[in-house]
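Chain and residue survey
What follows is each chain in one-letter form.
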Amino acid sequence: MNTLEIANLSKSFGGVRAVDAVTFAVRPGEFLALIGPNGAGKSTCFNMINGQLAPDSGSIRFADREIAGLPSRMIWQLGVGRTFQVAATFVSMTVVENVQLALLSHAGEIFRGWRPVARRHRERALELLGEVGMREAAERASRELAYGDIKRLEFAIALASAPKLLLMDEPTAGMAPRERTDLITLVKRLVVERGISVLFTEHSMDVVFAFADRIIVLARGKLIADGDAKAVRENALVQQVYFGTGKSFERKRELLP
Amino acid sequence: MTVQSLLFQAIDGLAAASGLFFVAAGLSLIFGVTRIVNIAHGSLYMLGTYVAATIALRFEGALGFWGGVILTAALIGLFGAVIEIVLLRRIYRAPELFQLLATFALVLIINDAALWIWGPEDLLGPRAPGLRGAIEVLGRRLPTYNVFLIVIGPLVLLILHLALAKTRFGRLVRAATQDREMVGALGVNQGLLFTSVFALGSLLAGLGGALQVAREPASLLTDLIVISDAFVVVVVGGMGSITGAYLAAVIIAEVKALCISIGTASIAGVAFNFSKLTLVAEFLVMAVVLIVRPHGLLGRRQTVMRSLAEPEEPLRPAPAALKAVGAGVVVALALTPLLARSQPYVLVLGIDVLLMVLFATSLHFIMGPGGMHSFGHAAYFGLGAYGAGLLVKWFAATMPFGLVAAPILALLGALLFGWFAVRLSGVYLAMLTLAFAQIVWSIATQWGELTGGSNGILGIWPSAPFDIRSAFFLLTAALTLLGVLLLRRLLFAPFGYAMRAGRDSQLRAEAIGIDVRRVHWIGFAIAGAVAGVAGGLFAFAKGSISPETIDVGRSIDALVMVLLGGIQTLTGPIVGASVFAVLQDTVMRQTEYWRALLGAIILALVLLFPAGIVGGLARLRLRLVRP
Ligand SMILES: Nc1ncnc2c1ncn2[C@@H]1O[C@H](COP(=O)(O)OP(=O)(O)OP(=O)(O)O)[C@@H](O)[C@H]1O
Ligand SMILES: [Mg+2]
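Throughout what follows, the structure given in this document is the object of discussion.

All names here are of chain B. Residues Val575, Val579, Ile613, Leu617, Leu620, Leu624 and Val625 make up a contiguous nonpolar surface patch of about 610 Å² in total accessible area. Elements represented by at least two residues in the nonpolar patch include exactly helix 23 (572-586) and helix 25 (612-625). If one sorts the elements of the nonpolar patch by residue count, helix 25 sits on top with five residues. With respect to the helices, strands and loops of the structure, Val575 is situated in helix 23. Classification of Val575 as partly exposed rests on a relative accessible area of 30%.

Residues and elements named next belong to chain A. The protein atoms that coordinate the magnesium ion (ligand 2) are Ser43 (OG) and Gln85 (OE1), at distances of 1.9 to 2.1 Å. Placement of the pair is Ser43 in helix 1 (residues 42-49) and Gln85 in the loop between strand 6 (80-83) and helix 3 (95-106), with a sequence separation of 42 residues. Classification of Gln85 by relative accessible area gives partly exposed; the value is 33%.

It is worth spelling out the environment of Val69 of chain B at this point. Residues and elements named next belong to chain B. Mapped onto the secondary structure, Val69 falls in helix 3 (residues 61-86). Separated by 193 residues in the primary sequence, Val69 and Ile262 place their C-alpha atoms 35 Å from one another. Residues within four places of Val69 in sequence aside, it is in contact with Leu207, Ala210 and Leu211.

Moving on: the site of ligand 1. All names here are of chain A. Every residue near ligand 1 is listed here: Phe13, Ala18, Asn38, Gly39, Ala40, Gly41, Lys42, Ser43, Thr44, Gln85, Glu170 and His203. Gln85 places a side-chain nitrogen or oxygen 2.9 Å from an oxygen atom of ligand 1. Side-chain polar atom of His203 to an oxygen atom of ligand 1: 3.0 Å apart, as the coordinates give it. Across the complex, the protein chains shield 60% of the 630 Å² of accessible surface that ligand 1 would expose by itself. It is helix 1 that contributes the most residues to the shell around ligand 1, three residues altogether. Grouping the constituent residues of the shell around ligand 1 by class yields three nonpolar, seven polar and two charged.

Attention now goes to the sheet that holds strand 6 of chain A. Residue and element names in this part refer to chain A. With respect to topology, six strands assemble into an open sheet ordered 6-7-8-3-9-10, the strand pairing being mixed. Two strands close off the open sheet at either side, each with one partner strand: strand 6 and strand 10 (222-227). Each strand of the sheet is rotated relative to its neighbour by a mean of 15°, with strand direction disregarded. In terms of strand pairing, strand 9 (residues 214-219) meets strand 10 through five bridges, oriented antiparallel. Bridge pairing links Leu218 to Leu223 in strand 10. Running at roughly 135° to strand 3 (residues 31-35), helix 6 (residues 177-194) makes contact with strand 3, strand 7 (165-169) and strand 8 (197-201) of the sheet.

Within a sheet, neighbouring strands are paired by backbone hydrogen bonds and run either parallel or antiparallel to one another. Residue and element names in this part refer to chain A. Read from one edge to the other, the open sheet built from four strands follows the order 2-1-4-5, with strand pairing classed as antiparallel. In this open sheet, the two edge strands, each paired with only one partner strand, are strand 2 (16-26) and strand 5 (65-66). Looking at chain direction, strand 1 (residues 4-13) and strand 2 are connected through seven bridges and run antiparallel. Note on strand 2: the bridge partner recorded for Phe13 is Val16. On top of the sheet, helix 1 reaches strand 1, strand 2 and strand 4 (57-62); it is set at about 115° to strand 1, its chief contact.

Turning next to the interface of chain B and chain A. The interface is formed by 32 residues belonging to chain B together with 35 residues belonging to chain A. Note on chain B versus chain A: buried area summed over both sides is about 3000 Å², and carbon and sulfur give 64% of it. Among the residues chain B hides against chain A, the three largest losses belong to Pro494, Arg508 and Ile512 of chain B. Together they make up 24% of the total. Linking chain B with chain A are four salt bridges. Measuring nitrogen to oxygen at the nearest pair gives 3.2 Å for the salt bridge that ties Arg73 of chain A to Glu510 of chain B. Among the elements of the structure, helix 18 (469-492), helix 19 (494-504), helix 20 (506-511) and helix 21 (516-542) of chain B are those that each provide at least two residues to the side of chain B that touches chain A. Here the element with the most residues in the side of chain B that touches chain A is helix 19 of chain B; it accounts for eight residues. Along the lines of polarity and charge, the residues of the side of chain B that touches chain A split into 19 nonpolar, two polar and 11 charged.

All names here are of chain B. Going through the model one piece at a time under the given rule, you end up with 16 aromatic pairs over all chains. Seen in terms of ring centroids, Phe21 and Tyr246 are 5.3 Å apart; in terms of plane orientation they differ by 90°. Their pairing is edge-to-face. In this pair, Phe21 is assigned in helix 1 (residues 3-34) and Tyr246 in helix 10 (residues 242-262), connecting sequence segments 225 residues apart. Per residue, the accessibility class of Phe21 equals that of Tyr246, and both read buried. Ring-pair connections join several aromatic residues into one group, and the members of that group are Tyr380, Phe417, Trp419, Phe420, Phe436 and Phe524. In this structure, Arg35 packs its charged tip against the face of Phe31, placed 6.0 Å from the ring centre. Sitting over the ring of Phe538, Arg554 keeps its end group 4.8 Å from the ring centre.

What follows covers unusual backbone geometry. Omega for the peptide link from Ala464 of chain B to Pro465 of chain B comes to 5°, which places this bond in the cis form. Looking at where Pro465 of chain B falls in the secondary structure, it is placed in the loop between strand 5 (457-458) and helix 18. In this structure, Glu170 of chain A is a non-glycine residue whose phi angle is positive, near 50°. Mapped onto the secondary structure, Glu170 of chain A falls in the loop between strand 7 and helix 6.

In a pair of packed helices, the angle between the axes and the distance between the axes together describe the arrangement. All names here are of chain B. Where helix 1 meets helix 6 (residues 168-178), the axes come as close as 7 Å, and the angle between the chain directions of the two elements is 65°. Judged on the interaxial angle alone, helix 6 and helix 1 are roughly perpendicular. Facing helix 1, whose interface residues are Leu29, Gly32 and Val33, helix 6 presents Val173, Ala176 and Thr177. When its residues are assigned to classes, the contact of helix 1 with helix 6 shows four nonpolar, two polar and no charged.

Residue and element names in this part refer to chain B. With 23 residues, helix 15 (residues 399-421) ought to run about 33 Å at 1.5 Å a step, and its terminal C-alpha atoms sit 32 Å apart, in line with that. Of the positions making up helix 15, those classed as buried are Met399, Gly402, Leu403, Ala405, Ala406, Pro407, Ala410, Gly413, Ala414, Phe417, Gly418 and Ala421. Buried residues belonging to helix 15 abut helix 14 (378-395), helix 16 (426-446), helix 18 and helix 21.

A separate point is the packing of helix 3 of chain A against helix 5 (residues 147-160) of chain A. All names here are of chain A. In the contact formed by helix 3 and helix 5, the axes pass within 8 Å of each other and the chain directions differ by 20°. Accordingly, the angle class assigned to the pair helix 3 and helix 5 is roughly parallel. When you trace helix 3 past helix 5, the crossing you get is right-handed. Taken together, the residues of helix 5 that come into contact with helix 3 (itself represented by Val95, Asn98, Val99, Ala102, Leu103 and His106) are Leu153, Ala156, Ile157 and Ala160. Of the residues contributing to the contact of helix 3 with helix 5, the split by class is eight nonpolar, two polar and no charged.

Quick notes on the rules
Residues numbered from 1 in each chain as written. Chains lettered and ligands numbered in written order. Predicted model: local features only at pLDDT ≥ 70, side-chain atom pairs only at ≥ 80, totals over all residues. Heavy atoms only, no water. Patch = residues over 30% accessible without salt bridge, like charges linked within 9 Å, V, L, I, M, F, W, Y side chains within 5 Å. Areas by Shrake-Rupley, 256 points an atom, 1.4 Å probe, with all protein chains shown as cover. Salt bridge = Lys/Arg side-chain N within 4 Å of Asp/Glu carboxyl O. Helix = DSSP H or I, 4+ residues; strand = E, 2+ residues; numbered from the N terminus. Buried < 20%, exposed > 50% of the residue type's maximum accessible area, 1.4 Å probe, protein only. Donors = N, O, S within 2.8 Å, 3.2 Å for Na, K, Ca; no water. Contact = heavy atoms within 4.5 Å. Near = heavy atom within 4 Å. Polar contact = N/O pair within 3.5 Å; in protein donor to acceptor, adjacent residues only side chain to side chain. Nonpolar A, V, L, I, M, F, W, Y, C, P; charged D, E, K, R; others polar. Pairing = 2+ DSSP bridges. Axes fitted to C-alpha atoms, helices over the stretch in contact; angles between N-to-C directions. Buried area = accessible area lost by both parts, 1.4 Å probe. Phe/Tyr/Trp six-rings, centres within 6.5 Å; stacked < 30°, edge-to-face > 60°. Lys NZ or Arg CZ within 6 Å of the ring centre and 35° of its normal. Parallel < 35°, antiparallel > 145°, perpendicular 65-115°, else oblique. Expected span 1.5 Å × (residues − 1). Left-handed = near helix turned anticlockwise from the far one by under 90°.

Written out as structure tokens, the structure reads:
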């Protein structure tokens with residue numbers, strides 16, 4: 001049984017069909033890349049899967065349940081974690097508090113208890129921070145972090161709820177190439193250990209071809225290719241979308257951020 | 001009531017709609033372009049009434065009146081331009097809350113200026129030359145002046161509409177309303193555009209005021225009444241939409257007309273006077289519209305403006321020094337009754353200070369960590385005070401019952417109003433909370449049989465053993481301490497973190513399973529209940545309660561206290577409230593023009609010390625420690 005099944009998913013903004021009858025699935029434990037040019041509809045797909053947006057039509061099945069249109073906190077409860085294209089953390093809190101709050105929420109303790117947050121789930125939070133290489137920064141204010149570290153913190157927050165599926169929207173955006181590879185290596189190791197399925201978007205083709213188990217390609221809201229690195233690289237439609245002509249992927253690599 | 005009388009009232013209502021429209025259109029225009037909600041817009045209208053009446057009385061005849069109307073509009077427009085250049089330019093980039101407060105400071109200053117120039121008495125202008133008659137409509141007499149107003153409203157709407165659609169200025173205004181960043185990109189002189197829009201909006205307000213002179217005397221009370229009406233109209237119509245403003249003005253004027261024409265009707269055997277509903281009715285319309293269409297009838301979703309407030313430091317537990325200070329304060333409070341033997345006034349002042357501390361801390365709870373800038377916190381203070389007062393008045397209850405009823409009534413009110421309020425944010429939330437506070441105030445004023453009307457309730461005295469001042473002081477101190485510590489503890493608990501999480505990033509909070517609306521709703525209710533305790537104690541401390549003590553001024557006092565201390569610190573509201581209450585007692589009592597003084601304090605805060613006292617001290621310390 002697939003972790004996530006999406007069928008005929010559509011969403012329009014005004015006249016723009018941001019996502020147009022998209023169908024695909026995420027298999028258990030898969031590291032699946034969703035790629036496409038800017039404005040292809042990737043983030044919109046993510047927003048519908050995690051409940052931030054209600055789809056116009058189509059179905060989203062997760063854990064044998066229809067989740068299209070549910071509020072995002074319910075979808076999270078069912079086991080879908082999310083990181084954002086523009087990283088979102090709680091800027092008035094320390095790094096470790098960000099993770100502690102996610103743990104508290106996962107334990108259903110938001111409305112429970114007087115005990116100060118500072119002493120709750122702290123060990124576990126530090127452990128998670130250690131795993132993403134952020135243990136040293138635990139007591140810093142999260143607003144002081146460098147962008148790459150914010151992305152790591154977001155990853156730790158997402159792991160806190162032990163999700164079955166993780167949606168990662170451009171986890172390495174705005175990072176140097178070296179840092180980028182390091183982070184994806186880390187992400188992949190941690191999710192494989194935990195058996196988490198991942199759907200991620202990424203503009204760096206290096207990263208995509210080196211790490212993804214499978215790649216699906218979106219262009220102007222439509223799904224145009226689905227397969228492994230080799231198949232996608234050689235797909236004529238994909239080449240056309242990315243270059244208009246049909247040159248190789250290699251040039252594009254330098255052009256992309 | 002007949003169909004005819006209903007129709008007649010409906011036609012007459014259109015005349016009122018025109019007046020509302022002039023103010024609301026200006027307000028809406030200014031908001032659309034500058035993103036500033038100009039609370040002083042009602043004050044410009046009020047100035048219009050005074051100036052026009054003065055001119056018309058001075059130069060009699062048609063020229064004096066009609067020329068005066070035009071001259072007044074021009075003068076108020078000019079005055080608006082001056083305000084924009086001198087004040088508003090400095091705060092376009094400030095947080096929304098500060099903008100609202102700065103324009104409110106103008107309200108206070110302009111009101112006192114008018115008091116100084118024209119005195120406290122109402123100023124009655126002449127009736128409009130040439131339009132003093134009446135025509136027969138549906139068997140009743142409709143003043144020709146009202147016919148004139150009915151026509152001129154849509155006429156001005158048409159002119160504005162054409163000006164916005166056809167001229168270069170209009171295109172710029174529309175572009176700025178839709179996307180502010182774009183105007184900068186177009187290479188337009190933004191300063192000039194903003195100044196002229198502000199002048200145009202002010203001119204409309206002045207015109208509205210000037211035309212009103214023939215119907216009503218100029219009065220110092222007009223500013224707040226008009227601004228709250230205009231807010232309702234703008235919010236219902238949709239911020240930035242001129243047509244929406246007219247539509248909303250008509251709807252609200254008609255609803256009011258309907259209430260008046262129904263008069264007293266009996267529902268299920270109980271006589272009910274609908275004409276008393278007029279004040280509440282418009283706010284009910286607004287509440288309904290905001291729920292169904294959160295951005296107003298013809299409004300669009302506004303692009304979320306970046307909050308430009310400095311990010312907040314993480315919450316740290318009280319350091320030893322602060323704990324020591326806290327313990328010192330507790331000891332000092334316990335010993336105060338001893339001091340009071342020689343200085344009895346200390347107790348009176350002390351009770352005032354303590355109650356304001358409790359009230360301000362409860363507002364800070366939702367305003368700071370919750371990010372909900374309530375402009376109507378007096379509602380819950382008032383519900384508490386009246387909850388206690390009514391119980392005493394109608395059931396001769398003793399103080400313990402009164403003090404239990406106070407937070408309960410406030411809690412119920414906060415649960416009801418908060419349910420709506422947490423669905424909005426930013427200025428919309430501020431306006432809705434203000435509207436709810438107006439509803440509470442109107443009920444207290446208008447439901448005379450129950451509440452004693454504007455006289456309020458007298459004879460709410462504490463029962464033994466608290467009928468001795470010092471005992472009452474200790475009770476107040478204990479309850480204040482309890483309330484402050486309770487709220488503080490909550491902020492360190494998961495609930496407080498969840499509230500801040502929802503404020504910092506709603507997206508992220510929902511994505512980790514936090515029901516932000518619910519958390520904020522509960523926070524709102526808790527703050528309301530605590531404010532209710534302060535209100536209940538206030539009633540017993542003064543022995544009486546009247547609508548005057550729970551009006552919009554008290555809401556604003558609370559905001560000022562929070563900002564004075566510093567919104568980003570937990571001790572801020574305590575320090576701010578103490579300083580403010582003492583200031584009010586010492587300085588402000590000395591002068592008739594305390595409003596202007598308060599206005600000046602607010603402006604100084606906004607322009608010079610945005611971090612408040614505690615925030616400012618903390619920054620100073622940081623600078624000394626880390627050079
Ligand atoms: N809330 C919205 N309102 C209107 N249009 C939107 C909204 N969100 C997305 N769009 C539009 O939908 C299309 C798809 O946007 P989306 O953000 O999903 O693209 P993307 O593939 O994530 O692009 P990128 O690689 O730049 O992040 C774009 O044309 C975008 O302008
Ligand atoms: Mg995107």
